[in-house]
Amino acid sequence: MEDESWMKLILINQGHFISSSLKALVKLKVPDILNKAAPSLLSPVEICDQLPLRSKATLDSSASQLGRLMRALAMFGVFQECPSSEGEQRYGLNAVSKHLVTEGNSESMVPSMMFFPKQYNVWDLLPDAILEGVQPGSKAHGGKSVFELDPAIVKVFNTVMSAYTRRTMRLALQVYDGFQHAEVIVDVGGSLGASLEIILAKYPNVKGINFDLPAVVEHAAKVQGMENVGGDMFVSVPQGDLMLLKWVLHDWNDEKAIKILENCRQSLAEGGKVVVIDALLPEVAEKSEEYSLADKNAVLYDLAMLTTGEAAKERTYKELEQVAMAAGFSSLSVRARVDSASIIEIYP
């Protein structure tokens, strides 16, 4: 007899076993080894034979440990698993683990996996943060963000966001055509310019302005039709007929989000619009089974924001609508969804 409720709680509580095992294999570049071997599957011994083991004498022991990690992850759907005729398990990539390949993959999930341990080491402080009413990230770093304390993390973070951006924008352009008629797109908080690079590749007649802090845009891509402009979005933004806010509003509390939108509205040409790309939190469902994978990922993003900055958060549609109305806009509409990211148009 199995108590499903008990077993479910065990899986949740021990979920870090899976994520930690996965990070270990990523650090060993196992997905890249499997990718080079495809379509052949490899045994743990064959994988370890390609690792820089301290000593070949430990091959069997190392392969035993690696095999246990691979078997667990395969059980959770991360890798393909198949027994050989000799009864030895063999492994390969599947639709999930292909996202862990780094070589030749600008959308790899790996930079994100390497970033999170640096950024989110504050979970043990959650109880005290709740009792004190402060953000756990702020408490962990003496009132400052981890980016202020360690500038090197900014470079890692930009790499992570570029990978996420390339995937999101590539998929967004397959389901959303709202960029094609714009004359000037201003990517507010556009970081290294990855979003506009992808948009302009499809719509070369559109002009793009990549707008971010001067220290950020000096490292941005040089793209035909795109101008990198440094500034402060809380002061003003460049003029255009489409303002893009991708993963920007969720970084700020409502007051600051309203200020950003107000500045966008003031610089928006007549007939223009703001396009927000953020993870919208689902409304409360009666049963947990009603939530989709995208919904659950959105909630996890919200937990990530909880540990990131002061009052950073994901919002429900109604919460975003309230912020937009407070900034002087009249309406908004969800046009599409890519993974957990919703594409929302906001109109003056």
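Numbers given to residues run from 1 along each chain, matching the order in which its sequence is written. A pLDDT threshold of at least 70 governs which residues receive local features in this predicted model, and a stricter bar of 80 or more applies before side-chain atom pairs are shown or counted, although totals over entire chains, interfaces and linings include all residues. In computing side-chain properties, one takes all heavy atoms of the structure into account and sets aside hydrogens as well as water.

Focus on the pattern of salt bridges
Any carboxyl oxygen of Asp or Glu within 4 Å of a side-chain nitrogen of Lys or Arg constitutes a salt bridge here. Across all of its chains, the model carries 12 salt bridges by this definition. Lys 56 serves as the salt-bridge partner of Asp 49, at 3.6 Å between the closest nitrogen and oxygen. Taking the relative accessible area as the measure of exposure, Asp 49 reaches 46% and is therefore partly exposed. Residue Asp 295 is joined to Arg 337 by a salt bridge in which the shortest nitrogen-to-oxygen separation is 3.0 Å. One end of the pair, Asp 295, is in helix α14 (residues 293–306); the other, Arg 337, is in strand β10 (residues 331–338), with 42 residues separating them in the sequence. Throughout this description, buried means an accessible area under 20% of the type-specific maximum (1.4 Å probe, protein chains only), exposed means over 50%, and partly exposed covers the range between. When its relative accessible area of 11% is taken as the criterion, Asp 295 is described as buried. Think of it this way: any DSSP run of H or I at least four residues long counts as a helix, any run of E at least two long counts as a strand, and we number them from the N terminus.

Examining the packing of aromatic side chains
In this scheme Phe, Tyr and Trp rings, the latter by its six-membered ring, pair at centre separations within 6.5 Å, and the angle between planes marks the pair as stacked below 30 degrees, edge-to-face above 60, and tilted otherwise. If you walk through the whole model with that rule in mind, you get 3 aromatic pairs. Here the aromatic rings of Tyr 164 and Trp 247 are separated by 6.2 Å at their centres, their planes lie at 85 degrees, and the arrangement is edge-to-face. Remark: Trp 247 occurs in the loop between β6 (240–246) and α13 (254–266) and Tyr 164 occurs in helix α10 (residues 151–175); sequence separation between them is 83 residues. Residue Tyr 164 is classed as partly exposed on the basis of its relative accessible area of 22%. Here Trp 247 falls in the buried class, since its relative accessible area comes to 14%. Between Tyr 176 and Phe 179, the aromatic rings sit 5.2 Å apart at their centres with planes inclined by 85 degrees, giving edge-to-face as the arrangement. As far as burial versus exposure is concerned, Tyr 176 and Phe 179 are alike and both buried.

Details of the domain arrangement of the chain
Domain assignment breaks the chain into domain 1 (4–100) and domain 2 (109–347). In this analysis, two residues are considered to be in contact whenever any of their non-hydrogen atoms come within 4.5 Å of each other. On the side of domain 2, 7 residues touch domain 1, which itself brings 7 residues to the contact. Buried area between domain 1 and domain 2, both sides added, is near 580 Å², and the carbon and sulfur share of it is 75%. Buried area: the sum, over both parts, of the accessible surface (1.4 Å probe) that disappears when the two are put together. On the domain 1 side of the interface with domain 2, the three residues burying the most area are Lys 23, Val 26 and His 99, jointly 64% of the side's total. Our count for the domain 1 to domain 2 interface comes out at 0 salt bridges. In protein, a polar contact means a hydrogen-donor-capable atom and an acceptor-capable atom, both N or O and within 3.5 Å, with residues adjacent in sequence counting only if both atoms are side-chain atoms; elsewhere, any N or O pair within 3.5 Å suffices. The tally of links from domain 1 across to domain 2 stands at 1 residue pair in polar contact (both at pLDDT 80 or more). Among the elements that line the side of domain 1 that touches domain 2, the one with the most residues is helix α2 (residues 15–27), at 4 residues. Note that the domain bounds were set by an automatic or database domain assignment.

Re the environment of Gly 15
Checked against the element boundaries, Gly 15 lands in helix α2. Distance from Gly 15 to Ile 47, taken between C-alpha atoms, is 25 Å for residues 32 residues apart in sequence.

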